[in-house]
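For reference, the chains in residue letters:
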Amino acid sequence: LGLSWRLFLVLWPLILIQVCVLAEVSILPISLSVVAKSFDFDDLERDQNLGSTVAMIYGIIGGAASVLSGCLADIIDRKWLLFVLAIIGGVASICTSRALTFEMFTLCRIGAAIALGGHLPVILSLLADFVPLTERAEAMALLSIIGGWGGSIGNALAV
């Protein structure tokens, strides 16, 4: 890649956030049976509550967070917005593993959905701020490729 070291140093925190957020998303689907057992769900309750309800809420909240964070990225400081989203995602991930009730688990997944949906528009806005137009395609490719490893890391951690 033709990116300068200065630009790579600017990109690495964005890449790290991308990897962490995408890793977190990949852990739960592999672990649904374990989660269902912790809530004493049978197979039907697992599919309805975890496979449908939580997944639907996650998608709706994540989509809304994406639109909202894209709008907020034009109004407030993008670095702080990304920092807040990363904290929300981190706290939600830790709390998800400690949830004692299904309701608490669902609230934690809502926090994770906000982080997932909100982070990408903000990261891309920051990328446009820091990376010159001539190097932006390479920077986005690097962010996408390395950030995509997060899913693989999440799958590996879930096994």
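Before reading further, recall that the structure is shown in the block above.
Within every chain, residues take consecutive numbers counted from 1 along the sequence as written. Where local features are concerned, this predicted model is filtered to residues with pLDDT of at least 70; where side-chain atom pairs are given and counted, the filter is 80 or more; whole-chain, interface and lining totals use all residues. Values reported for side chains reflect all heavy atoms of the structure, with hydrogen atoms and water molecules removed beforehand.

A.B. asks: Help me out: how do you make sense of the packing of helix 1 (residues 5-30) against helix 6 (residues 136-158) in this one?
C.D. replies: How two helices sit against one another is set out by the angle between their axes and by the gap between those axes. Note on geometry: axes are lines fitted to C-alpha atoms, helical ones only across the stretch in contact, with angles between N-to-C directions running from 0 to 180 degrees. In DSSP terms, a helix is any run of H or I states spanning at least four residues, a strand is any run of E spanning at least two, and both are numbered starting from the N terminus. Between helix 1 and helix 6, the shortest axis-to-axis distance is 6 Å and the interhelical angle comes to 35 degrees. Between helix 1 and helix 6 the crossing geometry is right-handed. Taken together, the residues that form the contact of helix 1 with helix 6 break down as 16 nonpolar, eight polar and no charged. For any helix crossing, the convention is left-handed if the near helix is rotated counterclockwise from the far helix by under a right angle, and right-handed if that rotation is clockwise. In the scheme used here, Gly and all other residues not listed as nonpolar or charged are polar, with Ala, Val, Leu, Ile, Met, Phe, Trp, Tyr, Cys and Pro taken as nonpolar and Asp, Glu, Lys and Arg as charged.

A.B. asks: Can you walk me through the packing of aromatic side chains in this structure?
C.D. replies: Aromatic ring pairs are defined here through the distance separating the ring centres and the angle between the ring planes. Two rings from Phe, Tyr or Trp (for Trp, the six-membered ring) form a pair when their centres are within 6.5 Å of each other. A pair whose planes differ by under 30 degrees is stacked, one over 60 is edge-to-face, and the rest are tilted. Applying the stated criterion across every chain yields a total of five aromatic pairs. Geometrically, the ring pair formed by F41 and F102 is edge-to-face, given 5.5 Å between the ring centres and 65 degrees between the ring planes. On the criterion of sequence distance, the pair formed by F41 in the loop between helix 2 (32-38) and helix 3 (43-72) and F102 in helix 5 (residues 102-130) is long-range, its members being 61 residues apart. Only protein chains enter the calculation, and the probe is 1.4 Å; a residue is then buried if its accessible area is under 20% of its type maximum, exposed if over 50%, and partly exposed in between. Residue classification places F41 among the buried residues on the basis of a relative accessible area of 16%.

A.B. asks: Even after reading the chapter, I still don't get unusual backbone geometry, so can you show me in this structure?
C.D. replies: Leaving glycine aside, a negative phi is the common case for residues, and trans is the common case for peptide bonds. Here the phi dihedral of D40 falls at roughly 55 degrees; this positive angle occurs in a residue that is not glycine. Here D40 is to be found in the loop between helix 2 and helix 3.

A.B. asks: Sorry, what's going on with the pattern of salt bridges here?
C.D. replies: Where charged atoms from two side chains of opposite charge approach closely, those side chains can pair. Criterion for a salt bridge: a side-chain nitrogen of Lys or Arg within 4 Å of a carboxyl oxygen of Asp or Glu. Under the criterion given, the structure shown has four salt bridges. One salt bridge connects D129 with R78, and the closest N-O pair in it is separated by 2.8 Å. With D129 in helix 5 and R78 in helix 4 (residues 78-98), the pair connects residues that are 51 residues apart, well separated along the chain. The class for D129 is partly exposed, based on a relative accessible area of 43%. Each of D43, R46 and D47 takes part in a single network of salt bridges with overlapping partners.

A.B. asks: Looking at this model, I keep getting lost on the side chain of Q18. Mind explaining?
C.D. replies: By secondary structure assignment, the location of Q18 is in helix 1. By relative accessible area, which is 8% here, Q18 ends up buried. For Q18, the contacting residues outside a window of four places in its chain are H119, L120, I123, L143 and G147. Any pair of residues with heavy atoms lying within 4.5 Å of one another is described as a contacting pair.

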